[in-house]
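Tertiary structure, described
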Amino acid sequence: MEGEGVIKHKAYARAGLLGNPSDVYYGNTISFSLANFSATVILHPSNDLLIQPHPVHDFVRFTSLPQLVNRLNNEGYYGGVRLLMAICKVFHNYCKENAITLIEKNFTLSYDTNIPRQTGLSGSSAIVCAALNCLLDFYDVRHLIKVEVRPGLVLAAENELGIVAGLQDRVAQVYGGLVYMDFSEENMDKVGHGVYEPLDVNLLPPLHLIYAENPSDSGKVHSQVRQRWLNGEEFIVSSMKEVANLAKEGRKALEKKDYSKLAALMNRNFDLRRSMFGDAALGDLNIKMVEVARKVGAASKFTGSGGAVVVYCPHGDSQVKLLQEECNQAGFLLQPIEVVPFCLNDTDLKTL
Ligand SMILES: Nc1ncnc2c1ncn2[C@@H]1O[C@H](COP(=O)(O)OP(=O)(O)O)[C@@H](O)[C@H]1O
Ligand SMILES: O=C(O)[C@H]1O[C@H](OP(=O)(O)O)[C@H](O)[C@@H](O)[C@@H]1O
Ligand SMILES: [Mg+2]
């Protein structure tokens, strides 16, 4: 039994279905949250304010030097503690700047997650998003912080830590379900966020996820696409516009349940990413995930910046079976995707 005043929130992994990474370039995306993986944050009222280290992800006791090195190589230096601290800071500052009074009281935050790291499934923002939801309820300010603003708060917490990211992940996690997002410059400059429209999750065909348990590519770190875009390089600017347009086209295709169109758009999305970023930046493993799907005639693209791909098998179960065999051979994991339903409550909706 959970104690009095305990608040618990879950946030799910997300997949970019179409249009990413144009969210970072005033574009459009369609993304969804998937129930396959999630992060949970629990808030207990307490006398002191405590951020509890996770027994595995923040573990600092090792059996040996090689074990310590192995853990750093696979998981990096950081766990989730810094993410929880950062969202506390961003939340506090946002409330202060917006004259939202927070009652003086303390809490303990703890978290757990099974979202595989560095797989482009947004494990970091899931932890931050779940923590933000706990804070909104603990201080009873959910009605005072607009839903559209929340993805920006999640992003701000990660930016605090030098994590470079865009908004589409956080929007999918705040809203749940399937969301069409418009990040056009006009909206972003006028209101500081995009325009987000939930779509019916039943418009989606059955989708699958391919990922690797220990992705080792660090390609994205070396990409210069952002700088080239800022320099106004014609090829990058026009390709990014085309990527954004895929989300617009994809919305129409979904609404008509025109899944052969959807498949073509997904494939084009990956091809455009590949031509802009280049194979070295994408990484062999990530490219192989896409190729494994294409080999059996399925459509596929990255869920995020690499590490996992979302797959559509137009020919159904027999094709999924072939895909499973290919994934087994390549050492990839394959799962049917379970889409999370839209998750805003009445209080959230009143802020829209
Ligand atoms: N499973 C996890 N457990 C604890 N912390 C995590 C986990 N995943 C991510 N983080 C935190 O988020 C930061 C960035 O994570 P990242 O590798 O970009 O994951 P993702 O792409 O899934 O968001 C990490 O440095 C770490 O602080
Ligand atoms: O490149 C992309 O498609 C996405 O990359 C980031 O997500 P990640 O989960 O870290 O791979 C970024 O946060 C997104 O906004 C991009 O669309
Ligand atoms: Mg991340």
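Figured I'd write up the structure that's included with this text. (Residues numbered from 1 in each chain as written. Chains lettered and ligands numbered in written order. Predicted model: local features only at pLDDT ≥ 70, side-chain atom pairs only at ≥ 80, totals over all residues. Heavy atoms only, no water.)

1. Overview of unusual backbone geometry
Looking along the chain, the bond that leaves N20 and enters P21 is cis, with omega of 10°. Residues other than glycine seldom take positive phi values, yet A99 does so here, at roughly 55°. By relative accessible area, which is 70% here, A99 ends up exposed. If you check the backbone angles, S122 has positive phi at about 65° while not being a glycine. Residue placement: S122 occurs in the loop between β4 (107–113) and α3 (123–138). By relative accessible area, which is 10% here, S122 ends up buried. (Buried < 20%, exposed > 50% of the residue type's maximum accessible area, 1.4 Å probe, protein only. Helix = DSSP H or I, 4+ residues; strand = E, 2+ residues; numbered from the N terminus.)

2. Focus on the packing of helix α8 (residues 234–255) against helix α9 (residues 259–277)
In a pair of packed helices, the angle between the axes and the distance between the axes together describe the arrangement. Viewed as axis vectors pointing N to C, α8 and α9 meet at an angle of 165°, and their least axial separation amounts to 10 Å. Comparing the axis directions of α8 and α9 gives the class roughly antiparallel. Two packed elements cross with a definite hand, and for α8 against α9 that hand is left-handed. Along the contact surface, α8 presents F235, I236, S239, M240, E242, V243, L246, E249, G250, A253 and L254, while α9 presents Y259, K261, L262, L265, R268, N269, L272, S275 and M276. Classifying every residue of the contact of α8 with α9 gives twelve nonpolar, four polar and four charged. (Axes fitted to C-alpha atoms, helices over the stretch in contact; angles between N-to-C directions. Parallel < 35°, antiparallel > 145°, perpendicular 65-115°, else oblique. Left-handed = near helix turned anticlockwise from the far one by under 90°. Contact = heavy atoms within 4.5 Å. Nonpolar A, V, L, I, M, F, W, Y, C, P; charged D, E, K, R; others polar.)

3. A few points about the site of ligand 2
Around ligand 2, 15 residues are found, and the nearest of them are N20, D23, D169, R273 and S305. Contact between ligand 2 and R170: an oxygen atom at 3.4 Å from a side-chain N or O atom of the residue. Here ligand 2 loses 87% of its free accessible area of 400 Å² to cover by the protein chains. The element that contributes the greatest number of residues to the shell around ligand 2 is helix α5 (residues 168–175), accounting for three residues. Along the lines of polarity and charge, the residues of the shell around ligand 2 split into three nonpolar, seven polar and five charged. (Near = heavy atom within 4 Å. Polar contact = N/O pair within 3.5 Å; in protein donor to acceptor, adjacent residues only side chain to side chain. Areas by Shrake-Rupley, 256 points an atom, 1.4 Å probe, with all protein chains shown as cover.)

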